[in-house]
Amino acid sequence: MPTRTDVAIVGAGPAGLLLAHLLQREGIGVVVLEAKSREYLETSPHRIRAGVMEWGTREILVQAGLGEGLLQNGYEHQGIYLAHAGELHRIDFPSLAEGWRIWVYGQQYQVRDMIARFLEEGGEILFEHEVVGLADLTTAPKVRYRTPEGQEGELEAMFVVGADGSHSRARSFVPGLLLKQTTYPFAWLGILAETAPAAEELIYASHERGFALFSMRSPNLARNYLQVSPEENPDDWPEERIWEELNLRLGGVARVEPGPLLEKSLTPHRAFVAEPMQYGRFFLVGDAAHVVPPTGAKGMNLAVADAVALFQALWAFYKKGEEEGLRRYTQTCLDHVWQGEFFSYWMTHLLHAQPDPFQEGLRRAHLAQVLSSEALKRFLAENYTGRRTTGRWVRSLA
Ligand SMILES: Cc1cc2nc3c(=O)[nH]c(=O)nc-3n(C[C@H](O)[C@H](O)[C@H](O)COP(=O)(O)OP(=O)(O)OC[C@H]3O[C@@H](n4cnc5c(N)ncnc54)[C@H](O)[C@@H]3O)c2cc1C
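The text that follows walks through the structure, step by step, so that each part is easy to find. All of these numbers come straight from a predicted model, not from anything done at the bench. The residue numbering used here restarts from 1 in each chain and proceeds along that chain's sequence as written. Two thresholds apply to this predicted model, a pLDDT of at least 70 for residue-level local features and 80 or more for giving and counting side-chain atom pairs, whereas whole-chain, interface and lining totals are computed over all residues. Only heavy atoms go into the side-chain values, all of them from the structure, while hydrogens and water stay out.

### Let's talk about the side chain of H290
Numbering of helices and strands runs from the N terminus, with a helix taken as a DSSP run of H or I at least four residues long and a strand as a DSSP run of E at least two residues long. Relative to the elements of secondary structure, H290 occurs in strand β19 (residues 290-291). According to the relative accessible area criterion, H290 is buried, its value standing at 2%. Polar contacts, as used here, are pairs of N or O atoms within 3.5 Å; protein pairs need one atom able to donate a hydrogen and one able to accept it. Residues neighboring in sequence count only if both atoms are side-chain atoms. Separated by 2.5 Å, the side chains of H290 and D306 make a polar contact. The criterion used for residue contact is that any of the two residues' heavy atoms lie within 4.5 Å. Apart from residues lying up to four places away in sequence, H290 is in contact with F272, V273, M277, L302, A303, D306, V337 and E341. Throughout, exposure labels follow a simple rule: accessible area from a 1.4 Å probe, protein chains only, divided by the maximum for the residue type, with under 20% read as buried, over 50% as exposed, and the rest as partly exposed.

Given below as structure tokens:
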């Protein structure tokens, strides 16, 4: 069992694994502690999550040597559809966002690929080691963990990274941290089903009964979502009701054929930003530092951007003895973080039916503006593909 390392990373999600891989490639010592088993991360239906990658995220993963699986099994999409009042409106990314587009590849597959590569290269992940405490974060950091056998252990590190997701335990050990947060009156009922997707590209459907998203993992695996209330009980949604509602909200522009349901889950929408994203020798990355509602497909992309930003700051410290990048880490990230929060807020409010009639009137006017305005479609395309926000991190890694 290791007792000392350069960088201890709490959490083997996309943020923690990318950072670990980048550091290890540069010969910087790293140990990842992960509460769950490898099998759970790679196969549990509770870990399906993201599917849409910005073009920059795809490029970063490829440049980092983590793109083999996504290049073989992922899909390029050059646009999305907005469905409204029985019509489909295509947002063509390359023409609106200077060639930028998106890539569709399941987050769980990407996590599986990253674990395999990191371990192949001699990396150390302590699976089923739950972090239960952090100490001395401003002087000589220590990470306390519980082993699968229930024993407690301690790892000393030069730096500690909290990459342990939205319910971050690591975050709770940081004094003086301000959680800027808001709630949304929406949730998504998500299903994964063995059936053809509604279309070759994603359809974002705005309907008076509520929003619906039609996405995919492969040509015979559909990932669809229905806007529901955060108090909804998924058990009130038997399969027939889900398929009927999905087709109603498509409004006749396409059809989804029922197929065996592989997963059904409820995701309440919420958002927060933890500021600052650092304390002493401790840094937060990804969902541990900020969460967005899933409408704009930003969460994993922001997590990847944070990981690259922190990698660069740590690299400058270890290779050049510079501390400025580490000191400025929060400031560096808050730019893309708040851009991601803003776009997610914008797109969520554009597409979700509002319970309040006045707000719903405003929303429809907003949507009519977007559907008829080249400038607003460009805004959507530039943010959705990441050209305007996280795009700069691709250039910085090259
Ligand atoms: C329905 C849905 C759809 C989404 N769609 C998209 C999308 O299309 N595009 C997109 O970019 N984003 C999307 N997201 C968001 C995306 O999934 C997250 O932003 C992403 O998982 C964040 O990665 P992370 O590494 O920061 O955290 P996580 O993936 O949550 O990883 C954190 C890890 O830390 C571990 N951990 C937790 N506590 C401890 C502890 N005490 N000790 C040790 N380990 C611990 C966890 O087990 C986990 O493995 C979606 C999310 C949902 C829910």
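There's plenty left to go through after this.
### Some remarks on the sheet that holds strand β12 (residues 178-193)
Between any two strands, pairing holds if DSSP finds at least two bridges. An order of β6-β5-β13-β14-β15-β12-β16-β19 is seen for the 8 strands of this open sheet, with the pairing classed as mixed. Here the strands that pair on one side only, and so sit at the sheet edges, are β6 (87-92) and β19. As paired elements, β12 and strand β15 (residues 221-228) share 7 bridges and run antiparallel to each other. Bridge pairing links A193 to A222 in β15. Contacts between helix α7 (residues 239-250) and the sheet are confined to β12, β13 (203-206), β14 (212-218), β15 and β16 (261-275), with β15 contributing the most and set at about 80° to the helix. To get an axis, a line is fitted to the C-alpha atoms, and for a helix only the part in contact is used. The angle between two axes follows their N-to-C directions and goes from 0 to 180 degrees.

### Quick word on the environment of G280
Within the element layout of this structure, G280 appears in the loop between β17 (278-279) and β18 (282-284). Each C-alpha atom, one on G280 and one on Q339, is 26 Å from the other, the two residues being 59 residues apart in sequence. Beyond its immediate stretch of four places on either side in the chain, G280 contacts L137 and T138.

### Points about the pairing of β16
Inspection of the sheet shows β12 paired to β16 by 13 bridges, in the antiparallel sense. Considered in β16, the bridge of L189 is made with L266. Where β16 and β19 come together, 2 bridges link them in antiparallel fashion. Within β19, the residue paired with V273 across the bridge is H290.

### Notes on the site of the ligand
If you check the shell around the ligand, you find 35 residues, and the closest are E34, R47, Q107, D287 and M300. Between Q107 and the ligand, the recorded distance is 2.7 Å, taken from a side-chain N or O atom to an oxygen atom. Here the ligand, which alone exposes 1,000 Å², has 89% of that area covered by the protein. Elements with a minimum of two residues in the shell around the ligand: α1 (14-25), β9 (130-135) and α8 (299-320). No other element matches the 4 residues that α8 contributes to the shell around the ligand. Of the residues in the shell around the ligand, the class split is 16 nonpolar, 10 polar and 9 charged. Only heavy atoms are used to decide nearness, and a residue is near a molecule or strand if one of them lies within 4 Å of it. With residues, only the protein chains shown are counted as cover, and all accessible areas are computed by Shrake-Rupley using a 1.4 Å probe. Gly counts as polar in this scheme, as do all residues outside two lists: the nonpolar Ala, Val, Leu, Ile, Met, Phe, Trp, Tyr, Cys and Pro, and the charged Asp, Glu, Lys and Arg.

### Some remarks on unusual backbone geometry
A cis amide bond, omega -5°, links E275 with the succeeding residue P276. Mapped onto the fold, P276 is located in the loop between β16 and β17. The phi dihedral of R49 is positive, around 50°, even though this residue is not glycine. Topologically, R49 is positioned in the loop between α2 (38-43) and β3 (52-54). The class of R49 is partly exposed, set by a relative accessible area of 45%. Notably, D136 is not glycine yet its phi reads approximately 50°, a positive angle. Structurally, the position occupied by D136 is in the loop between β9 and β10 (142-146).

### As for the packing of helix α11 (residues 357-372) against helix α12 (residues 374-384)
Helices that pack against each other are described as a pair by the angle of their axes relative to one another and the distance between those axes. Contact geometry of α11 with α12 gives a least axis separation of 5 Å together with a crossing angle of 95°. Here α12 runs roughly perpendicular to α11, going by the angle between their axes. Counting all contacts with α11, which are made through Q369, V370, L371 and S372, the residues of α12 involved are E374, L376, K377 and L380. Its residues assigned to classes, the contact of α11 with α12 comprises 4 nonpolar, 2 polar and 2 charged. Any angle from 65 to 115 degrees is called roughly perpendicular, while one under 35 is roughly parallel, one over 145 is roughly antiparallel, and all others are oblique.

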